Every structure is written in C-alpha cells, then in structure tokens.
Amino acid sequence: MSPTNAQHAALRILLEDVEPLLKQADDVTAILKKVREELHADLDTLVGLVQRSVDAQPALLETGRRLSNTASRIETSVNIVEAGAIPAAKRQSSWSAIVIASAGSALLSAGLMTTILYGTGRDLLEQARVGRALQLAWPSLDAGTRSRVQEVIQK
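Student: Please set out the overall build of the chain residue by residue, giving values where relevant.
Tutor: The number of helices and strands found in the chain is three helices and zero strands. Taken from N to C terminus, the helices and strands of the chain fall in the order α-α-α. Here the chain holds 155 residues, and the buried ones make up 1% of them. Put simply, the chain shows about 13,700 Å² of open surface, and 65% of that area lies on carbon and sulfur atoms.

So this is what it looks like as structure tokens:
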C-alpha cells in the first residue's frame, strides 16, 4: 500500500469517527437554540409581571392610606358615641333607622334572589330532567349516538 493510499484510508477512518460527532454537535446546537428561545420568552413574561407589580405599588399604597383614614374615622365615631357626645335620643333614632334600612335591604335582596332563581330555576329543572332521561337511556344507545352526545357535551 502506498503512503498516499494509507493516508487516504486513515483520513476516511477519521472522518467516519468525526461525522457522528458533528451530527451530535448540530443536534445539541438546535436544542440549545430552542432552550434559549424559551428562556427569552420566559424572561419577557417575568419582566412584564415585575413591571405590573411595580406599577401597582402606588395604587396599593393609596388604597392602604384610604383604608387607614377610613378606619380612623370609624374609630373616632365609635369613641364619640361611647363617650356620650351624641344624645341618647339621637343614638336611638339612628339605630332604628339602621334597623329599618337593614330590613328593607334584606327584603329587597330576598325579592331579587327569588326572581333570579325563579327565572333560572325552570331552565335548571329542564336540564336536570333531560340529564336524568339521558342517564336512563345511555346503556341502550349505540356507539355512534354516544359519541355524538359526548361531542355535544364537550362543546
């Protein structure tokens, strides 16, 4: 064998060993590019969330300040009533007004809920009736009908 042929044979053997390594390197490069893109998307989402939380802080501080002011006004009002600064007759009339307003609100809420439940109750009863009928008939339905019913349920 000539030195050139031996050299070519050695290069061929070397290329056969290197080719799978190059393929693996290309595969790893593709995976790393995909991971980099996903990481970039996750970082963009994180930046957005952090920005929204930073933007919300002034509103949260303002809300806390308002709640603190409201709590102090309520505490002051309670202290005034407990100290007797408001005459008993006026306190009694304000309590009766609160009781009357609460009773009226409760009656209005009950009437509203009754109306809503009456309106939606008919539909719910009809759906329950159809559901019970479907449960009873399910074993006798063929496979095609069952699959169509499942499709309609999932929509």
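Okay, back to it.
Student: Which residues make up a negative patch on the surface, and what are the values?
Tutor: Together, Glu37, Glu38, Asp42 and Asp44 make up a negatively charged patch on the protein surface. Checked against the element boundaries, aspartate 44 lands in helix 1 (residues 3-83). The partly exposed category is assigned to aspartate 44, whose relative accessible area is 45%.

Student: Which residues make up a nonpolar patch on the surface, and what values do they have?
Tutor: Taken together, Leu39, Leu43, Leu46, Val50 and Val54 make up a surface patch of nonpolar side chains, about 440 Å² in accessible area. Here leucine 46 shows up in helix 1.

Criteria and thresholds
Residues numbered from 1 in each chain as written. Predicted model: local features only at pLDDT ≥ 70, side-chain atom pairs only at ≥ 80, totals over all residues. Heavy atoms only, no water. Helix = DSSP H or I, 4+ residues; strand = E, 2+ residues; numbered from the N terminus. Buried < 20%, exposed > 50% of the residue type's maximum accessible area, 1.4 Å probe, protein only. Areas by Shrake-Rupley, 256 points an atom, 1.4 Å probe, with all protein chains shown as cover. Patch = residues over 30% accessible without salt bridge, like charges linked within 9 Å, V, L, I, M, F, W, Y side chains within 5 Å. Salt bridge = Lys/Arg side-chain N within 4 Å of Asp/Glu carboxyl O. Lys, Arg positive; Asp, Glu negative; His and termini not counted. Charge placed at Lys NZ, Arg CZ, Asp CG, Glu CD.

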